[in-house]
Structures are given as structure tokens and as C-alpha cells.
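An overview of the molecular structure
Listed below, chain by chain, are the residues.
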Amino acid sequence: MNYQPILDRIHGALKPVIGQGKVATYIPELASVSPDHFGMAVVSLDGTVASVGDADVPFSIQSISKLFALTLAFQREGDSLWARVGREPSGNPFNSLVQLERESGIPRNPFINAGALVVTDILVSRNTNAEIATANFLGRLCGRSNVTYDPRVAQSERQTSSRNAAMAHFMKSFGNLNNKVGEVLDAYCRTCAISMSATDLARAVAFLANRGTNPWSGEKVLDASSAKRMSALMLTCGTYDAAGDFAYRVGLPAKSGVGGGIVAILPGECGICVWSPALEETGNSYAGSLALEMFTTLTGKSIF
Ligand code: GLN
């Protein structure tokens, strides 16, 4: 399918609303990003790229990194990972602390901050440099050698990371963090600060649309059953507390980040990424969510 005319139509239709919503400001460095960016890319499994707007402008991937860090940890740890983190939607904001005490320091899922801190802890135990391991993994997935994090964004988040620090200390008190809190937070903030374009992210996520095999290199990243499970987690937990509404409106497995990016997959067809930094209340990109909703409406394709 030629997705270019569809992306052109989406871009045209959304021009009046791009910039509506609020850029994340709790990470000071993200506050300086213009809300007026909009880029979208669709990479089909045969390698065809359709893109519009700022699709090749790098942005802070933030929580989109949680999907790739999880994949990497799951590759190495397998099902034993689920002893330390759950697989249920949280029904709470991504940075909430409330469930942790009631649930004995086991985060609800790997895509909320607490869950991603546990995943980062696993990667810190297994790598000399967890953030570089995730960045290199992303590089292999999209065929680039230069994927890296923005040190200014990382430092800006690290200096204001009291809330994530609270979660990490709390989980440590329950024995669910093996490394030093400071080390885990350093690696977590750097991983969130990885910078990539929508086109590269659409390429990177395509292995999940291709039953776990990287379509560009042929590398088997996950077996088909595990890839299906990662996609199920994206659908139920990937867009924070709005996952139900997102599934209703969009109908694709997706993972968002407070930098305004959202990756999604159409199984058997393509990897997708949209970026527009102004967010709706729940922390998902406002124009990005609308763009994905239009995409499934106009193509008539979704997982349902
Ligand atoms: N780095 C951000 C944080 O920890 C990631 C949150 C997000 O993208 N939802 O708060």
C-alpha cells in the first residue's frame, strides 16, 4: 500500500491543531522544544518509506525507550523478568507512586516509570553501560551506528528526578532493585534522553510488525510469540493511563513518550512513528494521537 497520500492528507488536516496541548515542562530541557513540530513516518516491511513534515528531525524519545529497554531485558532474562514487574495496565499516571506500597514494590507493568526502573536495573546488572546497550540496540534495529543520548536532556532530567528517585528507593526497600539507586537513575535518565527521528523509530519498531525479525538485517530479535506479547503490552499499557481510550480510537499497539513521540505497529505491514511535542493531559502527543486515529480510519486498517 502507498501510504504517502494518506500521510499528506493527515498532515494537511491536522495543520490547524498542531501546537495544541502542552509541551512537557517538568524536565526543564524539554520545555524549550517548539510545540509546532509535526512529523510522521511509515516504513513498510519492504523498506518503502512514506513521511511528512519533521519526520527526519531528531527528538527526545523519552518513554518510547521503555519498549526497547524491555525488549533487550526480555531477550536476556526471559520469563523470570515477570517475577519483578507485572503486566497489567496501571490505571494511574505513568509517574504515580500509589500502587507500589500496596503491591509490595512490584510495578504494575514495564511501561510506567517504576516498571522501567526495574528493567533498567536488570540492564545495569548485565551491561557495563546500560544506556549505551539500549542506544546500540536501537541503532542495530534501524540500521544506524550513531544512535545516542542528548547529555543536556539527561542531566536536566537527572537534576529534577526526585519522583523517580523516590520510586527507586521505595522498590529497593522491597528488595526489587539490585543496584545502587543513583546508578539506576543515571542509566534511566540517559536512556530516556536518547534522541532519534520519527523515520528511524518507525524503522526500529518494524521488527514487532514482522513477527520479531528485523526486516532490514534478518536478525531474529524475538521469537514470534514473544513479539506478539510485547505488542500486547503496548496495546494495554503503552499509552499510559489513556491506553483504553487509545485502543478505542486508534486500534494499534503503540508506545508514547513525553517528548511527544508515539511509535505504533500494523502487524504484517509497517512500523509507524509520529512526533508532535504538545501533549494532552495524559502525556500523549495531542496531534500525534489524532494522526494515528486518522491513519487507521483512512486506511481502514487496525488490529481489530
Ligand atoms: N523520562 C520521563 C520520566 O521519567 C519519561 C516519562 C514519559 O515519557 N512518560 O518522567
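A quick note: this is a predicted structure, and the numbers were derived from the prediction, not measured.

Looking now at the nonpolar core. Membership of the largest hydrophobic core comes to 51 residues, with the highest contact counts inside it found for F68, L138, M196, L201 and L208. In this structure, L201 is in contact with F59, I61, I64, F68, L138, M196, V263 and C273, ignoring residues within four places of it in sequence. Residues L14, V52, L252 and V274 belong to the second largest nonpolar core, which totals 26 residues.

So, about unusual backbone geometry. Its identity is not glycine, yet Q62 carries a phi of approximately 45 degrees, on the positive side. One can find Q62 in the loop between β3 (59-60) and α2 (64-77). The backbone of Y240 sits at a positive phi, close to 60 degrees, despite the residue not being glycine. Here Y240 shows up in the loop between α10 (224-237) and α11 (243-249).

Lining the immediate surroundings of the ligand are 14 residues, of which Y26, Q62, S63, E157 and Y188 lie closest. A distance of 2.5 Å separates an oxygen atom of the ligand from a polar atom in the side chain of Y26. Here a nitrogen atom of the ligand and a side-chain polar atom of Y240 are 2.7 Å apart. When the ligand sits alone it has 300 Å² of accessible area, and the protein chains cover 99% of it.

Let us now look at the pairing of strand β7 (residues 261-266). Within β7, six of the six residues are buried, which leaves it mostly tucked inside the rest of the structure. Neither face of β7 is left uncovered, since the one carrying G261, V263 and I265 and the one carrying I262, A264 and L266 both have all their residues buried. In terms of strand pairing, strand β6 (residues 254-256) meets β7 through three bridges, oriented antiparallel. From the neighbouring strand, A254 faces β7, where its bridge partner is A264. Linking β6 to β7, which pair antiparallel, is a turn of four residues; within it G260 sits at a positive phi near 100 degrees.

Tracing the backbone shows N127 in the loop between α4 (113-126) and α5 (130-142). Look at N127 and you get buried, because its relative accessible area is 17%. Sequence spacing of N127 and F38 is 89 residues, and the spatial spacing of their C-alpha atoms is 35 Å. Other than its neighbours up to four places away in sequence, N127 contacts R76 and A133.

What follows concerns the pattern of salt bridges. The final tally for this structure, using the stated rule, is 12 salt bridges. Between R152 and E29 there is a salt bridge; the shortest N-O distance is 3.3 Å. Taken together, the positions of R152 in helix α6 (residues 151-159) and E29 in the loop between α1 (4-14) and β1 (39-44) put the pair 123 residues apart, joining distant regions of the chain. The exposed category is assigned to R152, whose relative accessible area is 53%. Bridged by salt links that share partners, the residues E29, D150 and R152 form one connected network.

It is worth spelling out the environment of V221 at this point. Relative to the elements of secondary structure, V221 occurs in the loop between α9 (198-209) and α10. The spatial distance from the C-alpha of V221 to the C-alpha of N136 is 13 Å, given a sequence separation of 85 residues. Setting aside its immediate chain neighbours within four residues, V221 contacts T71, Q75, F137, L141, F207, G212, T213 and N214.

The rules behind the values
- Residues numbered from 1 in each chain as written.
- Predicted model: local features only at pLDDT ≥ 70, side-chain atom pairs only at ≥ 80, totals over all residues.
- Heavy atoms only, no water.
- Core = buried A, V, L, I, M, F, W, Y, C linked by side-chain atoms within 4.5 Å.
- Buried < 20%, exposed > 50% of the residue type's maximum accessible area, 1.4 Å probe, protein only.
- Contact = heavy atoms within 4.5 Å.
- Helix = DSSP H or I, 4+ residues; strand = E, 2+ residues; numbered from the N terminus.
- Near = heavy atom within 4 Å.
- Polar contact = N/O pair within 3.5 Å; in protein donor to acceptor, adjacent residues only side chain to side chain.
- Areas by Shrake-Rupley, 256 points an atom, 1.4 Å probe, with all protein chains shown as cover.
- Pairing = 2+ DSSP bridges.
- Salt bridge = Lys/Arg side-chain N within 4 Å of Asp/Glu carboxyl O.

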